[in-house]
Each structure stands twice: as structure tokens, then as C-alpha cells.
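As a plain string of letters, each chain reads:
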Amino acid sequence: MSLLAVSPFLLSSVGMLAWGAAAAAPILIHLWNRRRHRNTTWAAMQYLIAAMKKNSRRIQIEQLLLLILRCAIMLLFALALADISCTSGSPLASSASLDARHTVLVIDGSYSMDYHENGSSRFNTAKAEARHIVEATSQGDGYTLVRMGQPPLVVIGDPAYDVGDVLQEIDALQIAHEGANLETTLAEVEKILDSAHANHPRLTRSRVILFSDLQKTTWEGATSGGAAARFEALAKKGSLSLIDVGQSATGNAFIENVQMLEPFATLAAPSTFEIDIRREGDLGSDGKSVRMFVDDTLVGQQVIDLTTSEAASVQFSHRFEKQGDHAIEFRLDEDALPIDDHRWIVASAKDQVRVLCIAGSPGAAKFLRFALRPDDRAEASIAPEVVSQSALVEIDLAPYAAIFVADAARFTAQEAGVLIEYAATGKGVAFFLGPDAAAENYNRLLGSQEHSLLPVLLESPSAEGDYRFDPRGYEHPLVEPFRGQQGGGLLSTPVWRYFRVQRNETARTALWFDTGDPAIVLGNAAAGNQGDATDNVAVICLPAAISTATGSGQPWSALPTWPSFPPLVQETLAQLVRGESDRQNILVGQVLQGRLTSSSAAVTAAITTPRDETQRLGRLPDGSWAFDETETSGVYRLKVSDRPHADELFAANLQTVESDLTKVARDELPPVLFQANADDGAYFAAGIAAGVPLFRILLISVLALLLLEPVLAWKFGSAAL
């Protein structure tokens, strides 16, 4: 068995033990001096030898004591240089004579662990404690490493026996900019223990050591539900220990949300950003400064006072001077938890928002164009363009932010394919259903399971009557601006007939008729009509012109000429183009995705994270790409090989639930965390006990022996005379 396996000591500088060889120096000097003696017989020497023989035993003992003393001085000095620490209470000492052990180190990686105190974060403190445990290892012990997160990250899944490798992984561990899920982390730990038990039979004992600040969002459900069951299951497989690295936090201020109030940014008008700031705990009497950076350039600063309220909002206005994506960062004065004092938003500035209006018949888009751009000012932010339906397959659609289809009767397969491909990029498409709309054609080419662009199935025109809109509390954002605006004319809009539709399960109705039938339905085409995706397809069950069915003289509605029509069209446009902005602004952990505009396989794409790590993206069969490693808040930059001078930007931000630094109490933690015995290394919430440094005692001993040695030498010499 090796020295490390039986020793109750830790040596920080093992190499310094080599100086212990100097302890042989007194012995060598003694032997060397003996070889230099030459025996010479003379008269006086006979008397001296006789006297020495009389006291020879006493002299030998004295000389031996001096030799031992001098050797001890050198040995103790070498041990002091090795920085020896006593670890008699450590797992190393307690397990010295036992079998090998498997230790699972679980380090909380949620962002509250970034709280700083005395120049170090909780996360770094946890890593240092984990290092101490690994450095105190017994030969043959195995270690695995898990970062608690959302989801957890298994850094070392199979037990590692090389201490250097484990320490290297601990040092490389980085904090995640998100919360943590305790239950899923415990489930991963249980899998690791089961796998180690099956594949490493010589690891006869197991223990799990968790390092956390006990922030309540992560730990408040530890004694109930699935987490409690996981703890009980783990306690049967090994011992559990918890090291609390959290301090008593003071107040914390953070940026809770940032939003651009306009649906799109243009060069024609300033864009307005609203920043929500929140306080938890006491911040003192000083104000907080908020600064706005556009593409890393400071463009604005305001001071807010959070001493009297827990939340405040400020607005910044900025006019972009250059088209393209801009990264806007808002920074709050940094406090002990700096990670939540930053927030980003990406705005794609355009010269104008170009909207393509497809006229299903001559004049069908006349009112639609007017509604999108009521005046002809050159600096207007919306630029509608009207073309006939036959031109749809001939136009490059990439520059357009949205397509509005006015009263098309039917589509060819090619036209339907163009619209489906366009909407799949996340851009908006709106359909106004005219009296001549062929339901079977719409449903087959645009609303089938194979071609799921429409969020509805068309049924048939309603019977003639006198209908009105029903906004049902104005809850949908599309009609919310009409709340309290009686002069807007929404409720008085004349409707005599409309197209009856049946919406699918994931679609959302923004406006109803008073019959209960949908009037405006929205859905998403880019994500296969998933319920949580941003809407980019709208179906308006009325024509965009004063249209009559073929052979009928009665118009369906006066909506195109009514005051409610322009705001209704513009709010519809805002809903459809907002999806493009939402696609570029996500929360940490969500997936970034997009589509490559070129179909050439030679075109490649790579994304650079906020940590300046660049990864090449694979092209999916449909020409799209996806990136799910968004665990860091900040700006991500997409570079496509055929667009070398125009990076596409994305922003990922924190979910701020971890910014409340309240801790759970000990009685809210599972009792199994406090039942480990001394043999298993009982590290409880009070923290790990450090080894006792002995080098000071050793140096004092060396000094004492250095003082004692000449005294004894003088005394022994005097006695010999």
C-alpha cells in the first residue's frame, strides 16, 4: 500500500521532501571525520584514552543525541517546506484502510452562484472545495463530476481515477447563465451511480457531495415531489453530503426585461426601448445608472432611484443610421451579482419595411395599399408595393418583410409553393378571403397536412345578414390598441357576409364575429404550427376590397373604407413581422434557428458565441440550421460564407428568477443530507473543515532545536573536559 494510502497527512509540495535527504549530512560528516583521524601513540594520550574509556558510554550517548538532534533539524525543515497539513478527520485518513470509493461531485452551476464576496464568486469557492476533496484522494478512488443546471451537464460520467484529469475538469468548469433543476440533476446522479456500480465493481462504496448556495428557486422543492424521492433513492446507494458555499446576500438590482416598443426598426424614425429594472433586498440610498450601448458604443445614460420602489422602468430612444442588425446592450451599475446587470436586444434596422401586396383581381389591393401607407411621405417607414398574382412566382421575395394576399380566388401549385417556402423563413403572410375564394383549392394547396401554411380550413361563405366584430375583451395584441377607442369604428364596422373557417388546434383567434365565428386567425408556419411559436400567418375572413360574389350585387363588407381598416391592417403587419425580431431575441437555453438563403452545399455557416467560441453549423435537409448551445447570455454572431460582410446577430438573455438570492433554511432540506457518518466524510451545510497546517509548528520546532543544539554541544563538551 502506498504512502498516500495510509498517511493521515497532506503534502502541498511533495518535492520539498527531497530536502529531507540533507538529514544524512551530519552522519556523513561524522563518518568523514572518522576517516581523517590517524592514530598516533604518545605518552599523554595513554592517560587521555584511559580517562575516555572510563566515560566512553556516556560520551557515546551524548554524541548520538547530538547526531539525532542535527538530523531532526534537517528533517523537520524539509517537512515544513513541503507544507504538511494534518487531515486526520478527512476522508483520506478515515478511509485509508478501506476499499476504493466512488465520489460524485455535484457543483451548482446556476447563475446565482456568480455572487461575489471577498473577491471570489460562490462558484469558484465551490470549485476550490471540490479540489480539496479530490486532492485528499486515496489511491484507487474514482471521481465523477456533474454541473447542476437546466439541464444538468455531466462533465465526467464514468469514474476517473487520475487526480490530475479530475482537477483539470474542475478548473475548466464554467458557470451557466441559467437556473438549475434539482430533480433532473439528481436523476443524472442516480444514473451515474448505477452505471459505476455495474461497470466498476471495485468501487465498493459511493458518496455524493453537492456544492450549492441553496438559492430558493433551486432548492425550495427539495423535500417534496420528485426531488424528495430522488434523495431517498440516492441515500440507499451511498452517502449524501452538502457543502453550503452561499453567504448572506444583501440587495441585488437587475435588468428584468428589455423590449423595443415598435414592431420594427427603420432609418426613418427613432426606435424606443423600454427597460424594466427590479430590486431585491436593500440597496442603500444611492441611485443606479443605466447605460445604453449600440454596437459597443455608448449612446445614452440615465439614473434611476430604486430606494422607494422595487421596480422601475426607463426608456431610451435611438435612431439608427445604418441598415442591418445592431446589438443593443443595456448595463446597470454592477453589484455583487454582475451577471444579471446586463441585457441585450438585437434590432434589424431597415431603410423601409417593404410589404408586397398581391392583388387577386384588378384593384383588389387598392385599399390595402392605402391602409399600409396612408400618406405619401418619403420618410414613411412602410413601403407597400402592389403586383398582380401572376407576378408572385417571378419576384425575388427576400427583400420583403411580409406579403399580403388580397382576394385571390385560387392558387397554382407553384404559387402555393412560393408562399409556403417564404413563410417557412419566419416572414409574414396574410390572406384576405374574397367572395370568389375557392375553399377546396386553398385547403388542398395551403391548408392540408402536407402543406400546412394556413392556420384554418376554409368552409363556405356565411349567409347574408348584419354582422359586427366581437373583440372579446381586447385581449389579443392585434386588437388591444382599439381598447377604449370608440372612434376607431371597430365595433361599428358593417359586415353583411364573411367567409366561415375552422381554425386548427394551435391557431389563435384575434377577432370574432358576433356569431362566434373567427374573423381574424393567426398561426405559425415556420415551426409547423407549434402553439408556442410566434405567429407569422394571418387569415382575415373578409375581402380587402368592396367585393361582391360573381353575379351578385351585394358587397360583403364596408371594412376597406371604414376608419378601423388602416389600424387593423397595420396591427396585423406588426404581429406578422414581430416574429422575425422574436427569432433573433431569445432566452438562454432556447434554440437559435434559421434558413440559409442559398441552396448550394458549398455555402457554409458558423456561429460565434459570447465566449468567442466559433462552431460550424450543419445544414439540415431543408436548408435550415439550428444551434442549441445557448447557455451563455450575450450576442451570438452568425456568419454565412456567401455573405462575408453582413453578420446576422442574435441575443440570448437570462430568465431572472435566480436574481432573488433568498436561501432555503436547513429545516427545508432533506434529512438524508445530514445523516452521513464520519467514515463517509460528513460535510454538512456548515462547510468543509480545512486541514490543519503544521508547517508553522515544524518551523518553531526547528528553531527550538537550533537553539538547543549549541547548548547541548557546549554542555557535553564541558563535561568531557
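All values reported here derive from a predicted model rather than from experimental measurement.

Is there a simple way to explain the overall build of the protein chain in this structure?
Across its full length, the protein chain carries 15 helices and 35 strands. Looking at the 721 residues of the protein chain, the share that counts as buried comes to 47%. Counted over contacts in the protein chain with a minimum sequence separation of 6, partners at least 24 positions apart contribute 74%. Looking at the protein chain as shown, the accessible area adds up to about 34100 Å², and 53% of this sits on carbon and sulfur atoms.

Would you mind showing me how to read the sheet that holds strand β23 (residues 469-470) here?
Within a sheet, neighbouring strands are paired by backbone hydrogen bonds and run either parallel or antiparallel to one another. In space, the 8 strands of this open sheet follow the order β19-β18-β20-β21-β27-β26-β25-β23, with mixed pairing throughout. The open sheet terminates on both sides in strands that have one partner only, identified here as β19 (382-388) and β23. In the sheet, strand β26 (residues 518-523) pairs with strand β27 (residues 537-540) via 4 bridges, with the strands oriented antiparallel. Its bridge partner being in β27, valine 521 is matched across the sheet by valine 539. Contacting β20 (402-406), β21 (428-432) and β27, helix α12 (residues 413-424) runs over the sheet at an angle of about 135° to β21.

Got a minute to help me understand the confidence of the model for the protein chain in this structure?
Interpretation of this model should avoid reading the predicted coordinates in detail wherever pLDDT is low. Averaged over the protein chain, the pLDDT score is 84; the fraction of residues at 70 or greater is 87%. Under a pLDDT of 50 for its full length, residues 87-98 has, in the predicted model, 29 contacts with residues more than four places off or in other chains.

I would appreciate a short explanation of the nonpolar core in the present structure.
One broad rule of soluble globular proteins: the nonpolar side chains tend to lie buried together. Formed by 79 residues in total, the largest nonpolar core has its most connected members in Leu368, Phe404, Phe431 and Tyr442. If we skip the residues at most four places from it in the chain, leucine 368 touches Cys357, Phe404, Ala406, Phe432, Ala544, Phe565 and Val569. Judged by nonpolar contacts, the second largest core, of 25 residues, contains Val146, Val189, Leu240 and Leu669.

I tried to follow the packing of aromatic side chains on my own but got confused; where do I start?
Here a ring pair, both rings aromatic, is described through the centre-centre distance and the interplanar angle of the planes. Under the definition given, this model contains 15 aromatic pairs. Seen in terms of ring centroids, phenylalanine 411 and phenylalanine 431 are 6.1 Å apart; in terms of plane orientation they differ by 90°. Their pairing is edge-to-face. Note that phenylalanine 411 is positioned in the loop between β20 and α12 and phenylalanine 431 in strand β21, a separation of 20 residues in sequence. Each of the two residues, phenylalanine 411 as well as phenylalanine 431, counts as buried. Among the aromatic side chains, those forming a connected cluster through ring pairs are Phe273, Phe316, Phe320 and Phe330. Above the ring of phenylalanine 293, the side-chain terminus of arginine 331 is found at 3.7 Å from the ring centroid.

Honestly, the pattern of salt bridges in this entry has me stumped. Any pointers?
Oppositely charged side chains are able to pair whenever their charged atoms sit close together. Inspection of the entire model under this criterion finds 24 salt bridges. Aspartate 194 is the partner of lysine 237 in a salt bridge, and the nearest nitrogen-oxygen pair spans 3.0 Å. Here the residue lysine 237 occupies a position in helix α10 (residues 225-237), and aspartate 194 occupies one in helix α8 (residues 182-199), the gap between them amounting to 43 residues. Residue class for aspartate 194 comes out partly exposed when judged on its relative accessible area of 37%. Overlapping salt bridges bring together Arg131, Glu135 and Asp171 as one network.

Any chance you could explain the pairing of strand β33 (residues 634-640) here in plain terms?
Moving residue by residue along a regular strand, the side chains alternate between the two faces of the sheet. Across the 7 residues that make up β33, a large majority, 5, are buried. In this sheet, β33 lies alongside strand β30 (residues 605-608) in antiparallel orientation, the contact comprising 4 bridges. Residue pairing in the sheet places alanine 605 in a bridge with valine 640 of β33. Note that β33 and strand β34 (residues 643-653) share 6 bridges and pair antiparallel. What sits directly across from glycine 634, in β34, is alanine 652.

I would appreciate a short explanation of the side chain of threonine 218 in the present structure.
Looking at the element boundaries, threonine 218 is found in helix α9 (residues 216-219). What threonine 218 contacts, discounting residues up to four positions off in sequence, is Ser110, Met148, Ala180, Leu182 and Glu658.

Whenever I open this one, helix α6 (residues 122-135) confuses me. Can you help?
What sets the pattern is the α-helix's 3.6 residues per turn: residues three or four places apart point alike. The end-to-end C-alpha separation of α6 is 20 Å, in line with the 20 Å expected for 14 residues at 1.5 Å each. All of the buried residues along α6 are Arg122, Phe123, Ala126, Lys127, Glu129, Ala130, Ile133 and Val134. Viewed end-on, α6 has its buried residues packed into an arc of 160°, placing them on one side of the element. Elements in contact with the buried residues of α6: β3 (101-108), β5 (120-121), β6 (142-148), α7 (163-172), β8 (205-212) and β9 (239-244).

Help me understand unusual backbone geometry in this model?
Phi is mostly negative for residues that are not glycine, and the peptide bonds are mostly trans. The omega angle of the peptide bond from glutamine 150 to proline 151 is 5°, so this bond is cis rather than trans. Among the structural elements, proline 151 can be located in the loop between β6 and β7 (153-160). A positive phi angle, close to 60°, is found at leucine 214, a residue other than glycine. With respect to the element layout, leucine 214 can be found in the loop between β8 and α9. Of the residues examined, leucine 214 reaches a relative accessible area of 3% and is grouped as buried. Even without being a glycine, aspartate 296 presents a positive backbone phi close to 70°. Within the fold, aspartate 296 resides in the loop between β13 (288-294) and β14 (297-304).

What is the right way to read the side chain of aspartate 213 from this model?
With respect to the element layout, aspartate 213 can be found in the loop between β8 and α9. What makes aspartate 213 buried here is its relative accessible area of 0%. Reaching out from aspartate 213, the side chain makes a polar contact with the side chain of serine 112 at a distance of 2.7 Å.

Help me out: how do you make sense of a nonpolar patch on the surface in this one?
A contiguous nonpolar patch, built from Met16, Trp19, Phe77, Leu81 and Leu699 and spanning about 460 Å² of accessible area, is present on the exposed surface. The topology assignment puts methionine 16 in the loop between β1 (9-11) and α2 (25-36). Residue class for methionine 16 comes out partly exposed when judged on its relative accessible area of 33%.

Help me understand the packing of α8 against α10 in this model?
The relative placement of two packed helices is expressed as an angle between their axes plus a distance between the axes. Interaxial distance between α8 and α10 falls to 9 Å at its minimum, and their mutual angle equals 25°. For the element pair α8 / α10, the angle class is roughly parallel. Considering only the axes of α8 and α10, their crossing is left-handed. Every residue of α10 that contacts α8 at Leu182, Glu183, Leu186, Ala187, Val189, Glu190, Leu193 and Asp194 is listed here: Gly226, Ala227, Arg230, Phe231, Ala233, Leu234 and Lys237. Residues of the contact of α8 with α10, tallied by class, amount to 9 nonpolar, 1 polar and 5 charged.

What am I meant to see in a negative patch on the surface here?
On the surface, a cluster of negative charge is made up of Asp612, Glu613, Asp628 and Glu629. Considering the arrangement of structural elements, one finds glutamate 613 in the loop between β30 and β31 (614-617).

What is the right way to look at the pairing of strand β18 (residues 353-359) in this model?
Counting buried residues along β18, 6 of its 7 residues qualify, which places the element largely inside the surrounding structure. Relative to β19, β18 runs parallel, the two sharing 7 bridges. In the strand pairing of β19, cysteine 357 is matched with valine 386. Note: β18 against β20, 5 bridges, orientation parallel. Residue pairing across strands places alanine 359 opposite alanine 406, the latter belonging to β20.

Conventions used here
- Residues numbered from 1 in each chain as written.
- Predicted model: local features only at pLDDT ≥ 70, side-chain atom pairs only at ≥ 80, totals over all residues.
- Heavy atoms only, no water.
- Helix = DSSP H or I, 4+ residues; strand = E, 2+ residues; numbered from the N terminus.
- Buried < 20%, exposed > 50% of the residue type's maximum accessible area, 1.4 Å probe, protein only.
- Contact = heavy atoms within 4.5 Å.
- Areas by Shrake-Rupley, 256 points an atom, 1.4 Å probe, with all protein chains shown as cover.
- Pairing = 2+ DSSP bridges.
- Axes fitted to C-alpha atoms, helices over the stretch in contact; angles between N-to-C directions.
- pLDDT = per-residue confidence, 0-100.
- Core = buried A, V, L, I, M, F, W, Y, C linked by side-chain atoms within 4.5 Å.
- Phe/Tyr/Trp six-rings, centres within 6.5 Å; stacked < 30°, edge-to-face > 60°.
- Lys NZ or Arg CZ within 6 Å of the ring centre and 35° of its normal.
- Salt bridge = Lys/Arg side-chain N within 4 Å of Asp/Glu carboxyl O.
- Expected span 1.5 Å × (residues − 1).
- Arc of directions from axis to C-beta.
- Polar contact = N/O pair within 3.5 Å; in protein donor to acceptor, adjacent residues only side chain to side chain.
- Patch = residues over 30% accessible without salt bridge, like charges linked within 9 Å, V, L, I, M, F, W, Y side chains within 5 Å.
- Parallel < 35°, antiparallel > 145°, perpendicular 65-115°, else oblique.
- Left-handed = near helix turned anticlockwise from the far one by under 90°.
- Nonpolar A, V, L, I, M, F, W, Y, C, P; charged D, E, K, R; others polar.
- Lys, Arg positive; Asp, Glu negative; His and termini not counted.
- Charge placed at Lys NZ, Arg CZ, Asp CG, Glu CD.

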